[in-house]
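What follows is the residue order along each chain.
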Amino acid sequence: MWTNRYWQTEVWTLAFIILVVGLIGSLFDRAAASVAVVIFAYLFWNLVQLSRLYRWLVKSRALYPPSAPGIWGEIFNHLYVLQRKHRKELKKLKGIISEFRASTSALKDGALIISNQGEIRWFNRAAERLLGLKSSTDIGQRLFNLLRHPSFIEYEQTRDYNKPLIINSPADERIILNIRITPYNDDQRLVIIRDITEKQHLERVRQDFVANVSHELRTPLTVITGYLEMLDPETNPQLESVAKPLQMMRQQALNMGHLVDDLLLLSKLDAKAEENGKQEVDINLMLDSICAEARSLSGEKEHQILFHSHTNTNLYGSEKQLRSAFSNLIFNAVRYTQAKGRIDIFWKEDDSNLILQVQDNGPGIAEEHIPRLTERFYRVDSGRNRSQGGTGLGLAIVKHVLEGHNGKLKIQSELGKGSTFSCVFVKVK
Ligand code: ADP
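- Within an unreviewed UniProt entry, the label attached to the chain reads Phosphate regulon sensor protein PhoR, and the organism entered is Kangiella aquimarina.
- Its UniProt record gives the chain the following Function (unreviewed entry) comment, quoted word for word: "Member of the two-component regulatory system PhoR/PhoB involved in the phosphate regulon genes expression. PhoR may function as a membrane-associated protein kinase that phosphorylates PhoB in response to environmental signals."
- Per UniProt, the comment on the chain under Catalytic activity (unreviewed entry) is "ATP + protein L-histidine = ADP + protein N-phospho-L-histidine."

This is how it looks when you write it as structure tokens:
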């Protein structure tokens, strides 16, 4: 500090004045009084500068500080530089905030920031429109008090944000919203709301189209199959020459029938139409009867089909859907496992799950196909599988049924060794 030019001048000037006034005072025998006068005058001057500084800092809105000689001028100058820097940063920050506001307002998706307790801290214009919020009154309110939608409250209570929540907008019933919550920091959550009315509408159109087409195909197919059954070479010897094409037509009509049935089942699963048909299902009984059907499907291929029941616990769900899922897995094992192969079916439980396992020592599936097997119409070897009567929809149905029953499909397979398909259901406590 003492090396500073202004400080040195200040100190030297003060010392010089005290010395000179002290000397002059000593001529009149008043050295101490003269020095005291100088010190008081200096103190008073400093007080005046302090009060100017105070007025400038607190009361005045002037940009420039007052001017003063010596060290006070230097202090004012430094404060001015600091203040200018501060104002510049403030302006920059204001710019960033207004840019952020402008961009989030322009967003088509609604965005909200809520606290851990659900209090609304901020939201953009789209959120205002989609949820019917009011910026003047709703900031600070609890979001879950404003949106009294039962599934929204349940979603909030379970705090499982992996899946989005789909609800109708409280502002307009016709609007369908997809809501996603992402926690961040320790006590904040970002809520993103998207209007998916159009997407849901297209999905509905697609589902209806598939359901209608499959339904419409049923009648002509029944007629064709009926006539084909009448055209039996065994009872009509004149048809002997076309016996083979007739047999192929019968087989293809049968395949098409399966395809139509599978498509209808999938569209029902899509529409969740059988939600209310749930009941307690005796799985051991069901698997016994599917195994009997599997043995007759195996026929001359003489598979060894063994059912191992390790539990009597039952599942709660749709009997029709579960039968369809389990028979798809077991019939697949029969269809894809070589003659005289072995198929083991297990019904068992552990602490938290009920498990159906279908294990075969068939050809196995290469690793790259496994993640795609549950896609609709995905086949590992399309030519061969179609000839085995597969529709390509079986595992898609299994996956869908399991989703509706709180379960998951797990597939383990090794080429040349065999495959294990497991349906893992979460136990209801
Ligand atoms: P598909 O009607 O063609 O059987 P799925 O969806 O049921 O259709 O099965 C998809 C594909 O998975 C099948 O085409 C087949 O290649 C393969 N796959 C299914 N189960 C087995 C199995 N147990 N062993 C070997 N491959 C299988």
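After that view of the structure, there is still more to cover.
1. Overview of the overall build of the chain
Line of reasoning, step 1. Along the backbone of the chain there are 13 helices and 12 strands.
Line of reasoning, step 2. Its C-alpha atoms give the chain a radius of gyration of 42 Å, clearly above 22 Å, the size a compact globule of 429 residues would have.
Line of reasoning, step 3. Each of the 429 residues in the chain was classed as buried or not, and the buried ones make up 35%.
Line of reasoning, step 4. Taking the contacts inside the chain whose residues are at least 6 apart along the sequence as the reference set, 55% of them involve residues at least 24 apart.
Line of reasoning, step 5. If you sum the accessible surface of the chain, you get close to 27300 Å²; carbon and sulfur atoms cover 57% of it.
Line of reasoning, step 6. Charged side chains in the chain number 55 positive and 48 negative. The centres of these two groups are separated by 12 Å.

2. Let's talk about the sheet that holds strand 1 (residues 110-115)
Line of reasoning, step 1. Overall, antiparallel pairing links the five strands, which are arranged 2-1-5-4-3 in an open sheet. Looking at the sheet topology across the chains shown, the edges are occupied by strand 2 (120-123) and strand 3 (165-168). Between one strand axis and the next, the sheet turns by 25° as a mean value, whatever way the strands run.
Line of reasoning, step 2. One ladder, built from four bridges, connects strand 3 with strand 4 (residues 176-184); its direction is antiparallel. Its bridge partner being in strand 4, N168 is matched across the sheet by I176.

3. Notes on the nonpolar core
Line of reasoning, step 1. Counting residues in each nonpolar core, the largest one holds 42 residues, and the members touching the most others are L322, F326, L329, I345 and L356.
Line of reasoning, step 2. Elements represented by at least two residues in this core include exactly helix 9 (243-270), helix 10 (283-298), helix 11 (319-336), strand 9 (342-349), strand 10 (353-360), helix 13 (394-403), strand 11 (407-414) and strand 12 (418-426).
Line of reasoning, step 3. The biggest single contributor to this core is helix 11, with eight residues.
Line of reasoning, step 4. With near-sequence residues (within four places) excluded, L329 lies in contact with L356, V358, L395, V398, L409, F421 and C423.
Line of reasoning, step 5. The next biggest cluster of nonpolar side chains, apart from the first, holds 22 residues, and it includes L112, I120, L147 and I193.

4. A closer look at the packing of aromatic side chains
Line of reasoning, step 1. Considering all chains together, one arrives at seven aromatic pairs under this definition.
Line of reasoning, step 2. Measuring from ring centre to ring centre gives 5.2 Å for F144 and F152, while their planes differ by 35°; the resulting arrangement is tilted. For the pair F144 and F152, a shared accessibility class is recorded, and that class is buried.
Line of reasoning, step 3. An angle of 75° between the planes, with centres 6.2 Å apart, marks the rings of F326 and F425 as edge-to-face. With F326 in helix 11 and F425 in strand 12, this pair connects stretches of sequence that are 99 residues apart. With respect to burial, F326 and F425 carry one shared label: buried.
Line of reasoning, step 4. Over the ring of Y6 we find R5; its NZ or CZ atom is 4.6 Å from the centre of that ring.
Line of reasoning, step 5. The ring of F346 carries K348 above its face, with NZ or CZ at 5.3 Å from the centroid.

5. Quick word on the environment of R376
Line of reasoning, step 1. Checked against the element boundaries, R376 lands in the loop between strand 10 and helix 12 (382-387).
Line of reasoning, step 2. When neighbours within four sequence positions are excluded, R376 is seen to be in contact with R206, L266, D270, G392, L393, A396 and H400.
Line of reasoning, step 3. Engagement of the side chain of R376 in a polar contact is seen with the side chain of D270, the distance being 3.3 Å.

6. Regarding the UniProt feature "transmembrane region" (unreviewed entry) in the chain
Line of reasoning, step 1. Per the UniProt record, "transmembrane region" (unreviewed entry) is annotated on residues 12-45.
Line of reasoning, step 2. What you have in residues 12-45 is 91% helix and 0% strand, and the ends, taken at the C-alpha atoms, are 17 Å apart.

7. Observations regarding the packing of helix 10 against helix 11
Each pair of packed helices can be described by the angle between their axes along with the distance between the axes.
Line of reasoning, step 1. Put simply, helix 10 and helix 11 touch, their axes get as near as 10 Å, and they point 35° apart. In this structure, helix 10 meets helix 11 at a crossing whose hand is right-handed. Contacts between helix 10 and helix 11 involve I283, M286, L287, S289, I290, E293, A294, L297 and S298 from the former and E319, L322, R323, F326, S327, I330, F331 and V334 from the latter.
Line of reasoning, step 2. Its residues assigned to classes, the contact of helix 10 with helix 11 shows 11 nonpolar, three polar and three charged.

8. A few points about a negative patch on the surface
Line of reasoning, step 1. The grouping of E280, D282, D288 and E319 at the surface amounts to a negative patch.
Line of reasoning, step 2. Relative to the helices and strands, E319 resides in helix 11.
Line of reasoning, step 3. E319 sits in the partly exposed class, given a relative accessible area of 37%.

9. Brief notes about the packing of helix 9 against helix 13
Line of reasoning, step 1. Between helix 9 and helix 13, whose axes approach to 10 Å, the crossing angle comes to 25°. Classed by the angle they form, the pair helix 9 and helix 13 counts as roughly parallel. Along this stretch, helix 9 crosses helix 13, giving a crossing that reads as left-handed. For the pair helix 9 and helix 13, contact is made by D262, L265, L266, L269 and D270 and by A396, I397, H400 and V401, respectively.
Line of reasoning, step 2. For the contact of helix 9 with helix 13, the class distribution of residues is six nonpolar, one polar and two charged.

What counts, and where the lines are drawn
- Residues numbered from 1 in each chain as written.
- Predicted model: local features only at pLDDT ≥ 70, side-chain atom pairs only at ≥ 80, totals over all residues.
- Heavy atoms only, no water.
- UniProt positions renumbered as here; feature names shortened; annotations may be inferred.
- Helix = DSSP H or I, 4+ residues; strand = E, 2+ residues; numbered from the N terminus.
- Rg over C-alpha atoms; globule rule 2.2 N^0.38 Å.
- Buried < 20%, exposed > 50% of the residue type's maximum accessible area, 1.4 Å probe, protein only.
- Contact = heavy atoms within 4.5 Å.
- Areas by Shrake-Rupley, 256 points an atom, 1.4 Å probe, with all protein chains shown as cover.
- Lys, Arg positive; Asp, Glu negative; His and termini not counted.
- Charge placed at Lys NZ, Arg CZ, Asp CG, Glu CD.
- Pairing = 2+ DSSP bridges.
- Axes fitted to C-alpha atoms, helices over the stretch in contact; angles between N-to-C directions.
- Core = buried A, V, L, I, M, F, W, Y, C linked by side-chain atoms within 4.5 Å.
- Phe/Tyr/Trp six-rings, centres within 6.5 Å; stacked < 30°, edge-to-face > 60°.
- Lys NZ or Arg CZ within 6 Å of the ring centre and 35° of its normal.
- Polar contact = N/O pair within 3.5 Å; in protein donor to acceptor, adjacent residues only side chain to side chain.
- Left-handed = near helix turned anticlockwise from the far one by under 90°.
- Nonpolar A, V, L, I, M, F, W, Y, C, P; charged D, E, K, R; others polar.
- Patch = residues over 30% accessible without salt bridge, like charges linked within 9 Å, V, L, I, M, F, W, Y side chains within 5 Å.
- Salt bridge = Lys/Arg side-chain N within 4 Å of Asp/Glu carboxyl O.
- Parallel < 35°, antiparallel > 145°, perpendicular 65-115°, else oblique.

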